[in-house]
Amino acid sequence: MSQKPLTIADDATASPGFHTPGESLIGLILPTLDSTTISFAFSLDDITYVTVYTNTHAAAPAILNLGTAVTTARVVAVPEEVGRLSSVGFLRLVLATQAGGPYTVTALFDKR
């Protein structure tokens, strides 16, 4: 297992693109956040990103619904489809809303 810190800038809603060849994103360690939803964007070139959708809900983006604002640090699992994509291209975390910052989310990876 490996980990990578993802810094979300002041008042921003997206992390920088990240890619760990041969590893799948399996979870996130979240700090205190205003956002209640995290979605994902995918890119092959780290320039053009598109929203990730799941196979089971083709009309809805792949999301982590946190229910309420994250008031304490927590670990959340990532949808399996997102994990598979992370091993072949770049991903970004997209927060529904976020004020302040910067914030560091730790991404957790497992070998494929």
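The paragraphs below set out a description of the structure included in this document.

**Structural notes on the overall build of the protein chain**
Reasoning step 1: Across its full length, the protein chain holds 1 helix and 8 strands.
Reasoning step 2: Of the regular secondary structure in the protein chain, the N- to C-terminal order runs β-β-β-β-β-β-α-β-β.
Reasoning step 3: Relative to the globule expectation of 13 Å for 112 residues, the C-alpha radius of gyration of the protein chain, 13 Å, shows essentially globular dimensions.
Reasoning step 4: Along the first, second and third principal axes, the C-alpha atoms of the protein chain reach 30 × 30 × 25 Å.
Reasoning step 5: For the protein chain, the share of sequence-separated contacts (at least 6 apart) that also reach a separation of at least 24 residues comes to 83%.
Reasoning step 6: Total accessible area computed for the protein chain in this model is approximately 5800 Å², and 56% of it derives from carbon and sulfur atoms.
Reasoning step 7: One finds the centroid of the 6 positive side-chain charges in the protein chain at a distance of 6 Å from the centroid of its 9 negative side-chain charges.

**Points about the pattern of salt bridges**
Reasoning step 1: Evaluation of the coordinates by the stated rule reveals 2 salt bridges.
Reasoning step 2: Lys111 serves as the salt-bridge partner of Glu23, at 3.3 Å between the closest nitrogen and oxygen. Taken together, the positions of Glu23 in strand S2 (residues 23–30) and Lys111 in strand S8 (residues 103–111) put the pair 88 residues apart, joining distant regions of the chain.
Reasoning step 3: With a relative accessible area of 9%, Glu23 lands in the buried category.

**Observations concerning the packing of aromatic side chains**
Reasoning step 1: Under the defined criterion, the tally for this structure stands at 1 aromatic pair.
Reasoning step 2: Arg92 extends its terminal NZ or CZ atom over the ring of Tyr49, reaching a point 3.9 Å from the ring centre.

**Focus on the nonpolar core**
One broad trend across soluble globular proteins is that nonpolar side chains are buried collectively.
Reasoning step 1: Membership of the largest hydrophobic core comes to 24 residues, with the highest contact counts inside it found for Leu25, Leu28, Leu30, Ile38, Phe40, Val82 and Leu93.
Reasoning step 2: Elements with a minimum of two residues in this core: strand S1 (2–8), S2, strand S3 (37–43), strand S7 (90–95) and S8.
Reasoning step 3: By residue number, the principal contributor to this core is S8, which donates 4 residues.
Reasoning step 4: Not counting the four nearest positions on each side in its chain, Val82 is found in contact with Leu25, Phe40, Val52, Ala62 and Leu91.

**Points about the sheet that holds S1**
Reasoning step 1: The sheet built from 4 strands is open, its strands ordered S1-S8-S2-S6 with antiparallel pairing. Unpaired on one side and paired on the other, S1 and strand S6 (74–77) mark the two borders of the sheet. The average undirected angle you get between the axes of adjacent strands in this sheet is 30 degrees.
Reasoning step 2: The pairing of S2 with S8 spans 6 bridges and is antiparallel. Counterpart to Gly27 in the pairing with S8 is Leu108.

Thresholds applied
Along each chain, numbering runs from 1 in the same order as the chain's sequence is written. Given that this is a predicted model, residues contribute local features only at a pLDDT of at least 70 and side-chain atom pairs are listed and counted only at 80 or more, while totals for whole chains, interfaces and linings are drawn from all residues. The basis for every side-chain value is the complete set of non-hydrogen atoms in the structure, without hydrogens or water. Working definition: helices are DSSP H or I runs of at least four residues, strands are E runs of at least two. Numbering for both runs from the N terminus. Computation of the radius of gyration draws on C-alpha atoms, with the globule rule given as 2.2 Å multiplied by the number of residues to the power 0.38. Any two residues having at least one pair of non-hydrogen atoms within 4.5 Å are treated as being in contact. Surface accessibility follows the Shrake-Rupley procedure with a 1.4 Å probe radius. Residue values consider only the protein chains on display as shielding. For the purpose of charge, His is not counted, nor are the chain termini; Lys and Arg are scored as positive and Asp and Glu as negative. Where a charge sits is defined by one atom per residue type, namely NZ (Lys), CZ (Arg), CG (Asp) or CD (Glu). One side-chain nitrogen of Lys or Arg within 4 Å of one carboxyl oxygen of Asp or Glu is enough to make a salt bridge. Each residue is assigned to one of three classes by its accessible area relative to the maximum for its type, calculated with a 1.4 Å probe on protein chains only: buried under 20%, partly exposed between the two thresholds, exposed over 50%. Each pair of aromatic rings taken from Phe, Tyr and Trp, with Trp reduced to its six-membered ring, is defined by centres within 6.5 Å and is described as stacked if the planes are under 30 degrees apart, edge-to-face if over 60, and tilted in the remaining cases. Charges are assigned to positions over rings by a cutoff of 6 Å between ring centre and Lys NZ or Arg CZ, combined with an angular limit of 35 degrees from the ring normal. The definition of a nonpolar core used throughout is a set of buried Ala, Val, Leu, Ile, Met, Phe, Trp, Tyr and Cys residues joined through side-chain atoms within 4.5 Å. A pair of strands counts as paired when DSSP detects no fewer than two bridges linking them. Orientation is described by lines fitted to C-alpha atoms, with helices fitted over the stretch in contact, and by angles between N-to-C directions that extend from 0 to 180 degrees.

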